[in-house]
Amino acid sequence: MTGLTFELLCMQLLTGIALGSIYALLALGLCLIFGMLNVVNFAHGAFFMVGAFLGVYFLGVTGNFWFSLVLTPLLTGCLGLVTERFLVRPLYGRGLDYPLLLTFGLSYVLIELMRITFGIEGLPSITPDGLKGTVNVGIGYFPKYRLFLIAATALIVLGIWFLIQKTRYGLIIKAGAVDQEIVKVLGVDIAKVWLLVFGLGCAIAGLSGILASPTRSVNPEMGVPILAESFVVTVVGGMGSPVGAVVAGLLVGIVYSMTSLFYPDLAELSIFVLMAVVLLIRPQGLFGKAGAMG
Amino acid sequence: MKQKLTNQTRRKMLIGGAAVASTPLWLNVANAKSETIKIGFPVPLTGPFSAEAQDQVKAAELAIKEFNDAGGFNGRKAELLVRDDKLNPGEAATRTLELIEKDKVNYVVGSLSAATQLSINAVCKERKILFNSISQSDAINEVKDWSIYTFHEALNPTMTAGALARYSIPRFGKKIVFLTADYAYGHEMVRAFERVGKEMGATTLADIRHPLGASDYSAFMPRIKALNPDILVLCNFGRDLLNAAKQCTDFGLKSSMKIVTPVLLYTARLAGGPEAFEGIIGGTSYYWGLEDRIPAAKTFNDAFRKMYNGSVPSDYGALGYAGVKSVLASVKIAKSTETMKVVSAMENLKYDWYKGPEYYRKCDHQAVQTVIIVESKSKNMKDKYDVFNILTIEPTTEIHMRTCAELGHKA
Amino acid sequence: MNSFFQLITQHRVLASTLFLAVFPFIMPYEALAVNILIFGLFAMGFNLLFGYMGLLSFGHAAFLGIGSYLTGISIVHYELGWGTAIIVGVIGAAVGGLIMGFLAIRTRGIYFSMVTLALGQIVYYIFYKAESLTGGENGLRGVRVDSFNIFGIPVDFLNPLIKYYIILFFVVIAMWLISRILNSPLGAVMEAIRENEKRAAACGFDVAKTKLLVFILSAAICGLAGSLRALHLSIVPIDSLNYLQSGQAVMMSILGGMGTFFGPFVGAAVMLYLEDVVTTFTKYWMAVIGLIFMFFVLFFPKGIWGTILSKLQIHQDSK
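J.: Tell me about the overall build of chain A, residues and numbers included.
T.: Within chain A one finds 11 helices and 2 strands. Reading the secondary structure of chain A in the N-to-C direction produces α-α-α-α-β-β-α-α-α-α-α-α-α. Radius of gyration (C-alpha) of chain A: 19 Å, near the 19 Å computed for a compact globule of 294 residues. The C-alpha extent of chain A, read off along each of the three principal axes, is 65 × 50 × 35 Å. Burial analysis of chain A (294 residues in total) assigns 59% to the buried set. Counted over contacts in chain A with a minimum sequence separation of 6, partners at least 24 positions apart contribute 76%. Carbon together with sulfur atoms contributes 70% to the accessible area of chain A, which is approximately 11,000 Å² in total. Averaging the locations of the 15 positively and 13 negatively charged side chains of chain A gives two centres separated by 11 Å.

What follows is the structure in C-alpha cells.
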C-alpha cells in the first residue's frame, strides 16, 4: 500500500479511538441496564437518536452547546424513567424475551415520533463554534471536536465509575446486579433502583447521541445501525461488565478504523466477524463472568 | 423545508385506503375498468429519501393537473396512484403488483433508487406495462434488464460523472481519489468518471470503498489526506454524501484538494447546510436557478410556485414532473392508451418540459438531455433556496453516452 | 363451539388448508395474499425454533435470503427449472442452518440471540459482496417462471390467482411436515427442552443434537419460504437478509401466538394486512405497528391466535 507511514497509522488509531468513544458510551448504558435489570434494551439506538435530535434542536434554539449537553441526557433519562415504569416493569419475571421485544416495538414508535416532530430529512448538525477546525497533534492535523469527544467520554466514564465504585448508590446497584432478593430483604426499594438505572442508561444513550451529532447526519434512521454495533461491543466486552463495555467499545472502534485503512469495504463486516469469533472462543466476552452464558 | 402531500393526494389516498379496507377481492374484480387514465407512482414516501419522494409526488401531481386542465385525452382525465415503496425493492415489487393487478394502472412512473427501479422494471416488463423510471442507474439501460416497455427519464451515472470529469479535471488537476459507496451505483459513478479521466490523462490514486449507509467516514480521512490528490470525488448519494461532505470539512480536507460529486443532491444540500457543502462542485439534472436562462424552467417553476405556496421544485422533483408529462403527452400523440402505441409515440417524442430540448434514444429509451454542473455556495444567498451557482450546462447530445453496442443492444 | 375447537386442533393441517384456500377472496389483492402465505410460512419455520423450543434467533432472515438467492441464481445464471430451483434453495438453506446452528447452539439465552444476529449479518455481507451472482445492492432480477404444464393443461404463473394456489400447494406440504414433527416424539422432546432444559438432559435426551436438528428443519422451512418469494416477486432484494427482516419474523410469531400451530400465519396476516392498510391512511405506519406490537407484548403475550385458542380451551374444559 502506497504511503503507509507511521503517521498515517497513528492518525488512523486516533480516529478509531474517537469512533470507539461513542461505542463505549453506548455500550456502557446498555450494560448498566442489562447488568441490573437483565433487560436487553432494543430501543437503545432510538434513545441515541432522540438524544442527537434534542441536542441539535436545543443547540439551534439556545446557541449554547454546554446547556444542550446537560439538558439532553436529562430529557432522555426522563423518557427512560417513563419507559421503565409503565412499559418494562409489567414484564419482569416473564422471561428474558418480553422486555426485549417491547423495547423493539418502542424503537419503531420513537423513530416515527422524531419524524413527526422534526421532519423526515433530519436536522443539519453543527459543530459548536469553539470546537471547530483541526489542531496539530504532532503527527498531523486532527479535528478538534473529536479530541473533545475522546476527552468528554473519558470524563463521563470516570464519573460513572466513581458513581458505581465510590458511592452508596453504586453499591446498591452492584449488589442488586448480584442478588436482587437479598437487596430487597435488606430494605432497599429495588423497584426504585431499577427505575433509576434504566433512566441512567437511557440518559447515557442520549448523551452519546448529542456528542455524536456533529460527526454525522442527524436523521430518524441513525439509531438502527448503531444498535447492531452496540450489541457487538456489549457482547465482545461481556454483557454485564462496565469495564468490558468501555474496553470493547474502543477496541471495536479501532478495529473498524484499521480495517478501513486496508480493506475499506470489509470494515463493517469485520466487527461482526470479531463478535462471532469472540462468542465462539470465549462466549462470556472479554470481561464477562464465565458460566454466565454458554 | 416542510413537505406536505397535497389535499388531492391525501384525499385520494384516504379514498384508496377506505376501498382497500372495505372491499374484498371479489368486489374489486367487478370494478376493473374505469374511465380515468391511471398512472401508478411507487416512490419511497418513508425512509431516508422521503423528502425527495414527496417532492416527486408534488411535481407529478402538477403534470397531472396540467393534463386534466387542458382537457385530458378525449375527455378522459389522468389520475396518479401514489404508493410507498419504503425504498425497499421487495416492497416496490409488491406495490407494483398491487398497482397492476388490483388498480389496473395503464402505466407506471416512479422509483428513487437503483435497486427499486430495477425491481419495478422487472415486474412491469413481464406484464407488458410501460415503466418510465425517474431515478439514476446505468444498469437499466443495459440489455439484461431493459425491455421495450422500459423508459429512463433520469440521467445515468455515465452522463453525470462524465460531465463532472470533463469540467473538473482541466481546472483542478489530474490526481484523483474516489471515496465510493460500495454498491453498484457507486461503482458506476467511478467507472464513468474514470472513463473520461483516462482520455484526459488523469490517474486514479485510490478508489476507497465505504459501506453503503455508513455514518462515520472519519476512518477514511487520514488516508485520503496522506494520498494528497488534486480532486476528491465523492461517489455516493443522499445521506451518505451529506455525511461524507461534513466529515471532509471537519478534517480540513478542503484546504488541500477540490471536492466534487457526480450527483449534488439539492435536498441533501438543504439538509446539510452551507458549511458542509461550501465549495463542493457537482452534477445535477435540474436546478431551479436555471429559470434565468431557460424559458421552460421559468414556466415550470412558476406553475410549481403557484400550486405549492411559493416553494421551488428540486432536481428529483422535476423528474417526477417530466416522467409523467412525457407519458401523457405520448398518449395524446398516439391518440390511444394502448401500450405499444404509446411506446411508439414516446420513442419519437421531442420535448422541452422544463430544462431544454430532450428526446428518447431509440435503442435504450434513455432520455437524452442537458447536464448541469453547479457549485454549492454559502455567501450571497438571496434566500434559503439559493444554494448553487451554475457553472456550466452540457448540451443535449448522445456523444458522451455509452453507445448502444456497449450496452448490448443490437444496432 | 366445543366440537369446533376439537375439530380444528385435531385436524389442524386440513383446517388451515381450507381456510387458506378461500383466503385470497377476502384479501384486497392476490399479491398481498401471496405475501402473507410466504411470510406466514417464514414465521412458522421460525416459530418451530422460538415458540416450541424457546430459542430466540435474530438471524433467521439469512435462511429466507439463502433460499431466495439460491433459487434465483439457479434460474437466472444456470437456467434450471423452477422445481429444481426450489429444491436447491431449500437444501442450501438447510446447509446454512447446519453451519449456523452448529456454531450458535453452543450458547444460550441472550448470547444465542446475539450470535445468530451476528452470523445472520455475515451471511448478508457475503451475498452482498458476491455482486456478479447476486446483483449486490440492486438485487437479483429476472427470476422468471415460464409457463408450464400440469397433466397437459397449460399453467400461466403470471395469473395472480393461479400463482397463489401453486404457492399454497408448497405451503400446505410444509405445514403438514411441521404438524408431523410436532406430533412426533421429537416434538415432545422439543417442548420438554423449552420447559426445562436441565431436566430434559437429565432424562437422557441429547439436547444439543435436538436443538441442531430443529435448527436445520426451521432453516429449511424458512428457505422454502424464501424460494417461493423469489418466484413470486421475480426479484430477490438484498434486504431479505437484514436483521430487521429477522425481527419481523419475531413480531409475527408474537402477534399471532408463539408455540401455536396456526398462530404465525395469523400474525403474518395481521401484520402485513395492517401494514398495507395503514400505509394508505398515514405515512406513520411504523408508529402504528410499533404501538400495536407493544400492546400485544404487554397485554396479550399469547398473541391473537394463542388467546383465541386458550379461550376456546377454557370453554371446552369447563364443560
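J.: How would you sum up the environment of Phe47(A)? Please name residues and give values.
T.: Residue and element names in this part refer to chain A. You can see phenylalanine 47 is positioned in helix 2 (residues 44–62). Measuring from C-alpha to C-alpha, the distance between phenylalanine 47 and glycine 201 comes to 9.6 Å, with 154 residues separating the pair along the chain. Contact partners of phenylalanine 47, with chain neighbours within four places excluded, come to Asn41, Thr76, Leu79, Gly80, Thr83, Leu106, Leu110, Cys202, Ala205 and Gly206.

J.: Go over the pattern of salt bridges, please, and point to the residues and values.
T.: With the rule as written, the count across this model stands at 37 salt bridges over all chains. Between Arg83(B) and Glu98(B) there is a salt bridge, with the nearest N and O atoms lying 3.4 Å from each other. Linking Arg83(B) in strand 2 (residues 78–84) with Glu98(B) in helix 4 (residues 89–102), this pair joins segments that are 15 residues apart in sequence. Given a relative accessible area of 12%, Arg83(B) falls into the buried group. The class of Glu98(B) is buried, set by a relative accessible area of 2%. The residue Asp207(B) makes a salt bridge to Arg209(B) at a minimum N-O spacing of 3.4 Å. Assessed through its relative accessible area of 25%, Arg209(B) is described here as partly exposed. Among the charged side chains, a salt-bridge network with shared partners connects Arg83(B), Lys86(B), Glu91(B), Arg95(B), Glu98(B), Lys102(B), Asp103(B), Glu275(C) and Asp276(C).

J.: Account for the pairing of strand 6 (residues 175–181) of chain B, with residues named and values stated.
T.: Residue and element names in this part refer to chain B. The buried count for strand 6 comes to 6 of 7 residues, which makes it a mostly enclosed element. By the bridge criterion, 7 bridges tie strand 6 to strand 7 (residues 203–210) in an arrangement that is parallel. By the bridge assignment, alanine 181 is partnered in strand 7 with histidine 210. Following the backbone out of strand 6, through helix 7 (residues 184–199) and into the adjacent parallel strand 7, one traces a crossover that is right-handed. The sheet contact formed by strand 6 and strand 8 (residues 231–235) spans 5 bridges and is parallel. Counted as the bridge partner of phenylalanine 178 is valine 233 from strand 8.

J.: Describe the interface of chain B and chain A, with residues and values.
T.: When the parts of a complex come together, some accessible area is lost, and that lost area is often taken as the interface size. In this assembly, 33 residues from chain B lie in contact with 35 residues from chain A. Across the chain B/chain A interface, buried area totals approximately 2,800 Å², and carbon plus sulfur atoms make up 52% of it. When residues of chain B are sorted by the area they lose upon contact with chain A, Asp216(B), Arg223(B) and Arg239(B) head the list and together hold 19% of the total. Applying the counting criterion to the chain B and chain A interface returns 2 salt bridges. Lys132(A) serves as the salt-bridge partner of Glu275(B), at 3.4 Å between the closest nitrogen and oxygen. With 6 residues, helix 9 (residues 239–250) of chain B is the single largest residue contributor to the side of chain B that touches chain A. Counted by class, the side of chain B that touches chain A contains 14 nonpolar, 10 polar and 9 charged residues.

J.: Quick rundown of the sheet that holds strand 14 (residues 371–376) of chain B? Include the residues and the values.
T.: Residues and elements named next belong to chain B. Strand order across the open sheet formed by 7 strands is 7-6-8-9-10-14-15, with mixed pairing between neighbours. In this open sheet, the two strands that pair with only one neighbour each are strand 7 and strand 15 (388–394). Geometrically, the sheet is characterised by an average inter-axis angle of 20 degrees between neighbouring strands, direction not taken into account. Strands in contact with helix 7 are strand 6, strand 7 and strand 8; relative to strand 6, the strand with the most contacts, it is inclined by about 165 degrees. Contacts from helix 9 reach strand 6, strand 7, strand 8 and strand 9 (258–261) within the one sheet, and its direction differs from that of strand 8 by about 150 degrees.

J.: So what about the sheet that holds strand 1 (residues 37–43) of chain B? Which residues, and what values?
T.: Sheet strands pair by backbone hydrogen bonding; their relative direction is either parallel or antiparallel. All names here are of chain B. In spatial order, the strands read 2-1-3-4-5; together these 5 strands make up an open sheet with parallel pairing. Either end of the sheet is taken by a strand with one partner, and the two such strands are strand 2 and strand 5 (150–152). Averaged over neighbouring strand pairs, the angle between their axes works out to 20 degrees when direction is ignored. Direction of pairing for strand 3 (residues 107–110) relative to strand 4 (residues 130–133): parallel, over a ladder of 4 bridges. In the strand pairing of strand 4, tyrosine 107 is matched with leucine 130.

J.: Outline the packing of aromatic side chains, supporting the account with residue identities and numerical values.
T.: Under the counting rule described, the total for this entry stands at 53 aromatic pairs over all chains. Centroid distance Phe65(A) to Trp66(A): 5.6 Å. Interplanar angle 70 degrees. Geometry classified as edge-to-face. Arranged with centres 5.0 Å apart and planes meeting at 25 degrees, the rings of Tyr69(C) and Phe127(C) form a pair that is stacked. Highlighted residues: Tyr69(C) in helix 4 (residues 61–76) and Phe127(C) in helix 6 (residues 109–129), separated in sequence by 58 residues. Here Tyr69(C) matches Phe127(C) in class, with each residue buried. Joined through ring pairs, the aromatic side chains of Tyr286(B), Phe300(B), Phe304(B), Tyr308(B), Tyr321(B) and Tyr354(B) make up one cluster.

J.: Before we move on, could you go through the interface of chain A and chain C and cite the residues and values that matter?
T.: Of the residues lining the interface, 42 residues belong to chain A; the matching set on chain C comes to 38 residues. When chain A packs against chain C, the two sides together hide about 3,900 Å² of surface, and 80% of this comes from carbon and sulfur. For the chain A face of the interface with chain C, the top three residues by lost area are Leu101(A), Tyr108(A) and Leu280(A), together amounting to 16%. Counting the contacts that link chain A with chain C gives 0 salt bridges. Summed over the shared surface of chain A and chain C, the result is 2 residue pairs in polar contact (both at pLDDT 80 or more). Where the side of chain A that touches chain C is concerned, the elements lending two or more residues are helix 4 (97–118), helix 9 (223–237) and helix 11 (267–281) of chain A. Within the side of chain A that touches chain C, the residues separate by chemical class into 32 nonpolar, 4 polar and 6 charged.

J.: Any chance you could break down helix 6 (residues 157–172) of chain B for me, citing the residues and the numbers?
T.: All names here are of chain B. When the terminal C-alpha atoms of helix 6 are compared, their 21 Å separation across 16 residues agrees well with the 22 Å that a helix rising 1.5 Å per residue should span. Among the 16 residues of helix 6, 12 are classified as buried, and the element is accordingly described as predominantly covered. Listed in full, the buried residues belonging to helix 6 are Pro157, Thr158, Met159, Thr160, Ala161, Gly162, Ala163, Leu164, Ala165, Tyr167, Ser168 and Ile169. Following helix 6 by one or two positions, glycine 173 adopts a phi angle in the positive range, close to 135 degrees.

J.: Give me a nonpolar patch on the surface: which residues, what numbers.
T.: A cluster of nonpolar side chains, Val243(A), Val247(A), Leu251(A), Leu286(A) and Phe287(A), forms an exposed patch at the surface whose accessible area comes to about 380 Å². Turning to its location among the elements, Phe287(A) is positioned in the segment after helix 11.

What counts and what doesn't
- Residues numbered from 1 in each chain as written.
- Chains lettered and ligands numbered in written order.
- Predicted model: local features only at pLDDT ≥ 70, side-chain atom pairs only at ≥ 80, totals over all residues.
- Heavy atoms only, no water.
- Helix = DSSP H or I, 4+ residues; strand = E, 2+ residues; numbered from the N terminus.
- Rg over C-alpha atoms; globule rule 2.2 N^0.38 Å.
- Buried < 20%, exposed > 50% of the residue type's maximum accessible area, 1.4 Å probe, protein only.
- Contact = heavy atoms within 4.5 Å.
- Areas by Shrake-Rupley, 256 points an atom, 1.4 Å probe, with all protein chains shown as cover.
- Lys, Arg positive; Asp, Glu negative; His and termini not counted.
- Charge placed at Lys NZ, Arg CZ, Asp CG, Glu CD.
- Salt bridge = Lys/Arg side-chain N within 4 Å of Asp/Glu carboxyl O.
- Pairing = 2+ DSSP bridges.
- Right-handed = clockwise from strand over helix to strand, strands pointing away.
- Buried area = accessible area lost by both parts, 1.4 Å probe.
- Nonpolar A, V, L, I, M, F, W, Y, C, P; charged D, E, K, R; others polar.
- Axes fitted to C-alpha atoms, helices over the stretch in contact; angles between N-to-C directions.
- Phe/Tyr/Trp six-rings, centres within 6.5 Å; stacked < 30°, edge-to-face > 60°.
- Polar contact = N/O pair within 3.5 Å; in protein donor to acceptor, adjacent residues only side chain to side chain.
- Expected span 1.5 Å × (residues − 1).
- Patch = residues over 30% accessible without salt bridge, like charges linked within 9 Å, V, L, I, M, F, W, Y side chains within 5 Å.

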